[in-house]
Amino acid sequence: MEDDQKMRDPQTCKIAMDLHLAKFNYFMAKKDWKAAVAELQLTLNAVIEILDTANKTLKKIAERYQQGRIGTTPAAKADAKVEGSIKTEKISEDTVLVEYPGDKLVLRRM
C-alpha cells in the first residue's frame with residue numbers, strides 16, 4: 001500500500017494508522033527520533049483520512065435528513081441543522097484544516 005495514494009476506505013486507513021503507529025513505537029525504542037517523527041506524521045495522515053471520511057458520511061446523513069424534512073414546518077428545518085460536527089477543509093495540496101467544537105488544527109502532509 002502506497003502512503004502517497006489517497007486512501008478512501010476507513011478500514012484501510014485504520015490498518016495504515018496501526019502500522020505506522022507500531023513503526024513509530026519501534027523507532028522511539030531505538031531512539032531514532034527523525035524516523036519516529038516521520039512515522040508519527042504518516043499516522044496522523046491516516047487519522048486525517050478517517051476523519052475526512054467520517055465528515056463526508058455525516059454530511060450525507062444530514063443532507064438526507066434535511067431532504068426528508070423539507071415538507072415540514074420552518075421550525076423543523078432549523079432542527080435539522082447539524083451542530084458540533086467535524087469540518088475538514090483542504091487549504092493547499094499538502095495542508096488540511098480540521099475544525100471541531102472548540103478547536104482548530106492545521107495538519108500538513110509530508
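Shown above is the structure to which this text applies.
Residues numbered from 1 in each chain as written. Predicted model: local features only at pLDDT ≥ 70, side-chain atom pairs only at ≥ 80, totals over all residues. Heavy atoms only, no water.

Enquirer: Describe the overall build of the protein chain, naming the residues involved and giving the relevant values.
Expert: If you tally the helices and strands in the protein chain, you get three helices and three strands. N-terminal to C-terminal, the α/β element order of the protein chain is α-α-α-β-β-β. Going through the 110 residues of the protein chain one by one, you find that 25% of them count as buried. (Helix = DSSP H or I, 4+ residues; strand = E, 2+ residues; numbered from the N terminus. Buried < 20%, exposed > 50% of the residue type's maximum accessible area, 1.4 Å probe, protein only.)

Enquirer: Quick one: what's the story with the environment of His 20, residue by residue and with numbers?
Expert: Relative to the helices and strands, His 20 resides in helix H1 (residues 10-29). Linking His 20 and Gln 41, residues 21 residues apart in sequence, is a C-alpha distance of 8.8 Å. Here the side chain of His 20 touches Glu 39 through a polar contact of 2.7 Å, side chain to side chain. (Polar contact = N/O pair within 3.5 Å; in protein donor to acceptor, adjacent residues only side chain to side chain.)

Enquirer: Mind laying out the pattern of salt bridges, listing which residues take part and the relevant values?
Expert: Here the structure, examined in full by the defined rule, presents three salt bridges. For the salt bridge of Asp 18 with Lys 14, the shortest nitrogen-to-oxygen distance reads 2.8 Å. With Asp 18 and Lys 14 both in helix H1 and four residues apart, the pair spans about one turn of that helix. The class for Asp 18 is partly exposed, based on a relative accessible area of 35%. Its relative accessible area of 38% is what places Lys 14 among the partly exposed residues. (Salt bridge = Lys/Arg side-chain N within 4 Å of Asp/Glu carboxyl O.)

Enquirer: Residues and numbers for H1, please.
Expert: The end-to-end C-alpha separation of H1 is 28 Å, in line with the 28 Å expected for 20 residues at 1.5 Å each. Buried within H1 we find Cys 13, Ala 16, Met 17, His 20, Phe 24 and Phe 27. Take H1 and look down its axis: the buried residues cluster within an arc of 105°, on one side only. After H1 finishes, the residue Lys 31 shows a positive phi value of roughly 60°. (Expected span 1.5 Å × (residues − 1). Arc of directions from axis to C-beta.)

Enquirer: Describe the environment of Asn 55, naming the residues involved and giving the relevant values.
Expert: Of note, Asn 55 is situated in helix H2 (residues 33-68). Through-space distance from the C-alpha of Asn 55 to that of Thr 88 is 7.4 Å; in sequence the pair is 33 residues apart.

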